[in-house]
Every structure is written in structure tokens, then in C-alpha cells.
Amino acid sequence: MTKVIMHGCNGKMGQVITALCKEENDLEIVAGIDVSNHIVQEYPVFSNIEDCDVEADVIIDFASVKAVEALLSYSTSRKIPVVLCTTGLSQQQEEAVKQAAERVAVLKSANMSLGINLLMDVLKKAVHVLASAGFDMEIIEKHHNQKIDAPSGTALALAEVLNEELEHTYTYQFDRTKERKKREKQEIGIHALRGGNIVGEHEVLFAGTDEVITFSHTAYSKQVFAKGAIEAAKFLKDKPQGLYHMGDVIEAK
Ligand SMILES: NC(=O)c1ccc[n+]([C@@H]2O[C@H](COP(=O)([O-])OP(=O)(O)OC[C@H]3O[C@@H](n4cnc5c(N)ncnc54)[C@H](O)[C@@H]3O)[C@@H](O)[C@H]2O)c1
């Protein structure tokens, strides 16, 4: 049985995971952490993570960037692995994640869905053919009107996949309104749209002369992320320290 602490248990993702875990036979939520107490959960909920003294195998996090430092400090001091799903981390926080991973297992993914992680694999191959053939690369993401970070962590991760394959020779362009000039050849445009209750759409567009190739992924419900996080938690239980990714979970299947 994998015992889980749900960090951000009363948020949208926390609620979806709580509901899904009720159907799990080999995983259960033993405690929750949330600053908001508008929901009564069947497990104990702590508003301050440091007050949580419940024994657990892994933490699933879908909370806020404001909570990242306290989360990492709790995870490293109690040696409880963490599936870190909150997006929009600062450079300093990304560095803190790497440092924490030297002491405890940390799995971090901007997008927990199986589909996006497979798309990343496909892009690694496609970019070599298309970039060298002169195709321009643009990423468009669409999310609901409650999302506060832009562009999405997934859009940045997709750009990073492309750029890493191109040995980091490309720059990112988020805003073309400031200067009147043509796009640079070696840039990746990243665009964010916000509206309604769109769960998450990502489109990677390769535009060449007289042809355009588009790779796209659409999430229709938050369950795709929740299921991925639950699989990741089972995978991370008892893993030694280190930085893990969703790709490791897929490979282990
Ligand atoms: N990696 C992925 O696949 C993925 C998928 C969906 C959402 N996310 C990210 O997960 C995060 C949460 O998403 P959501 O839609 O559930 O948001 P949400 O705002 O509905 O929920 C966040 C919850 O965290 C709680 N919280 C805020 N500060 C806290 C603190 N200091 N300590 C404890 N709890 C705190 C809030 O009270 C809230 O209940 C966001 O960063 C979002 O972008 C990631």
C-alpha cells in the first residue's frame, strides 16, 4: 500500500486525485495539506505542512509556487519522496528542486499526462529533420481563464525539448509587439491564450515553405494529470534520491 500526503488537497487537482484514490486498491491518501479549509476531507488536513506528523511514503503536490520551499524542506527533512506538479517555478526554485533531489527522490513534470510525454518523445525525432530543413517553430497553448502563469509550464517544457535537441542554439520569443521586425530564424515563438474552462491544449507548429506540420495534444479533463500523478507516486515510493521525470514512469511500465 502506498501512503500519500496530498499537498494542495482542497484545490481543483487535489479534489480530482482524492476522488480517484477512493478507487485505488494499493494507494491511499493518509493526510492532506491546504491553507484553505472550505472542504471536509475523510483524511486529516493540516494548514501548515510542518504540523503534519502522519507517516507516508510519498507526497503528491498540486498547490502553489508560494508553497514550494516549505514543501521541499519537509520532503528532505523527513525523507519522503515528492511528485512535484505545481508549475510556474522561478529559476531559484528550480535550483532548490535540484538540490532537494540530491537528498530525496523528486519527480517533477510540468505535465503529468501520458500523451504529452509521448509527444515530447516524438518531437525529439521530428525537430532534427524539420529544423535543419528550415522550418520555423511556434508553440501555442490554450488554458482556462483561472490559470495565473503564462505561458504554461508544459509549453516551456515542449520548447525546452526542441531547444535541447538543437543544443540550445534557439532563443524564446514571448512577445512580438515591442519591436517591428521579422522573426529571427533561430527563435521559438511561444503564445498563451486564456479563456473559458479549456483544460489544456498544446500545439507545436513547424512552418516551412508551402507546408505546415502540427503536433497537438488536448486534455479534456483534469483526470489525465491526476492519473499520471497517481502512477508517478506508486513509481516513486522507495526510490533513492534523484531527479525523476514522467518519462521514467512510462519506461518502467
Ligand atoms: N503538472 C501537471 O500536469 C499539472 C496539471 C494541472 C495543474 N498543475 C499545476 O498545479 C497547481 C495547482 O493546480 P490547481 O488547478 O489544483 O490549482 P488550485 O488553485 O485549484 O489549487 C491549489 C490549492 O493549493 C492550496 N494552496 C495554496 N497555497 C498553499 C500553501 N502555501 N500550502 C498549502 N496549500 C496551498 C490552495 O488553497 C488550493 O486549494 C498549479 O500550479 C497548476 O498549474 C500542474
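Since we're looking at a predicted model, the values are computed, not measured. Numbers given for residues are sequential positions, taken from 1 along each chain in its written order. pLDDT decides what is reported in this predicted model: residues at 70 or higher carry local features, side-chain atom pairs at 80 or more are listed and counted, and totals for whole chains, interfaces and linings draw on all residues regardless.

A. Broad picture of unusual backbone geometry. In the segment running from alanine 150 into proline 151, the intervening peptide bond is cis, with an omega of -5°. By secondary structure assignment, the location of proline 151 is in the loop between strand S7 (136-143) and helix H5 (153-165). Even without glycine at this site, histidine 168 takes up a positive phi of about 55°. Within the fold, histidine 168 resides in the loop between H5 and strand S8 (171-173). Phi at aspartate 238 is positive, roughly 70°, even though this residue is not glycine. Labels follow the DSSP assignment, with helices taken as runs of H or I lasting at least four residues and strands as runs of E lasting at least two, numbered in each case from the N terminus. With respect to the element layout, aspartate 238 can be found in the loop between helix H6 (223-236) and strand S12 (242-244).

B. Inspection of the packing of helix H2 (residues 68-78) against helix H3 (residues 91-100) at higher detail. Axes, fitted as lines to C-alpha atoms, cover a helix only where it is in contact. Angles between the N-to-C directions of the axes lie from 0 to 180 degrees. Interhelical geometry of H2 versus H3 gives an angle of 5° and a closest axis separation of 10 Å. Put simply, H2 runs roughly parallel to H3. Side by side, H2 and H3 meet where Val68, Glu69, Leu72, Ser75 and Thr76 of the first sit next to Gln93, Ala96, Val97 and Ala100 of the second. Gly falls in the polar group here, along with every residue not listed as nonpolar (Ala, Val, Leu, Ile, Met, Phe, Trp, Tyr, Cys, Pro) or charged (Asp, Glu, Lys, Arg). Residues that form the contact of H2 with H3 fall into these classes: five nonpolar, three polar and one charged. By definition in this entry, angles of less than 35 degrees are roughly parallel, angles greater than 145 are roughly antiparallel, angles of 65 to 115 are roughly perpendicular, and the rest are oblique. Any two residues are considered in contact once their C-beta atoms, placed from the backbone, lie within 7 Å.

C. Up close: the domain arrangement of the protein. As far as domains go, the protein holds domain 1 (2-112 + 222-252) and domain 2 (114-219). Residue ranges assigned to each domain were obtained from an automatic or database domain assignment. A separation of 27 Å is found between the C-alpha centroids of domain 1 and domain 2. Domain 1 puts 10 residues into the contact, and the matching count from domain 2 is 11 residues. Of all the secondary structure elements, the ones that give two or more residues to the side of domain 1 that touches domain 2 are H6 and helix H7 (246-252). In terms of residue count, H7 provides more of the side of domain 1 that touches domain 2 than any other element does, three residues in total. Looking at the side of domain 1 that touches domain 2, its residues break down into four nonpolar, five polar and one charged.

D. How the structure looks around the sheet that holds strand S3 (residues 45-46). Only strands that DSSP links by at least two bridges are regarded as paired with each other. On the basis of which strands lie adjacent, the open sheet formed by seven strands has the order S3-S2-S1-S4-S5-S6-S12 and parallel pairing. Whereas interior strands pair on both sides, the edge strands pair on one side only; in this sheet they are S3 and S12. Here strand S2 (residues 27-33) runs beside S3; their pairing, made up of two bridges, is parallel. Pairing of isoleucine 33 across the sheet is with phenylalanine 46, part of S3.

E. Main features of the site of the ligand. Close contacts around the ligand come from 24 residues, with Gly8, Gly11, Met13, Ser36 and Ala67 the closest. At three residues, helix H1 (residues 12-21) tops the list of elements feeding residues into the shell around the ligand. Residues that form the shell around the ligand fall into these classes: 10 nonpolar, 11 polar and three charged. What makes a residue near a molecule or strand is its C-beta atom, placed from the backbone, lying within 6 Å of it.

F. Quick look at the nonpolar core. Nonpolar core, as used here: buried Ala, Val, Leu, Ile, Met, Phe, Trp, Tyr and Cys residues forming one set through C-beta atoms within 7 Å. Remark: C-beta atoms are placed from the backbone, and a residue is labelled buried if 20 or more other C-beta atoms sit within 10 Å of its own, exposed if 12 or fewer do, or partly exposed between those counts. Counting residues in hydrophobic clusters, the biggest one holds 46 residues, and the most contacted among them are Ile60, Val83, Val106, Ala229, Ala232, Ala233 and Leu236. Counting residues per element, this core draws most heavily on H6, at nine residues. For isoleucine 60, the contacting residues outside a window of four places in its chain are Val4, Met6, His7, Ile17, Val83, Ala229 and Ala233. One finds Met137, Ile139, Leu162 and Phe206 within the second-largest nonpolar core, a separate group that totals 17 residues.

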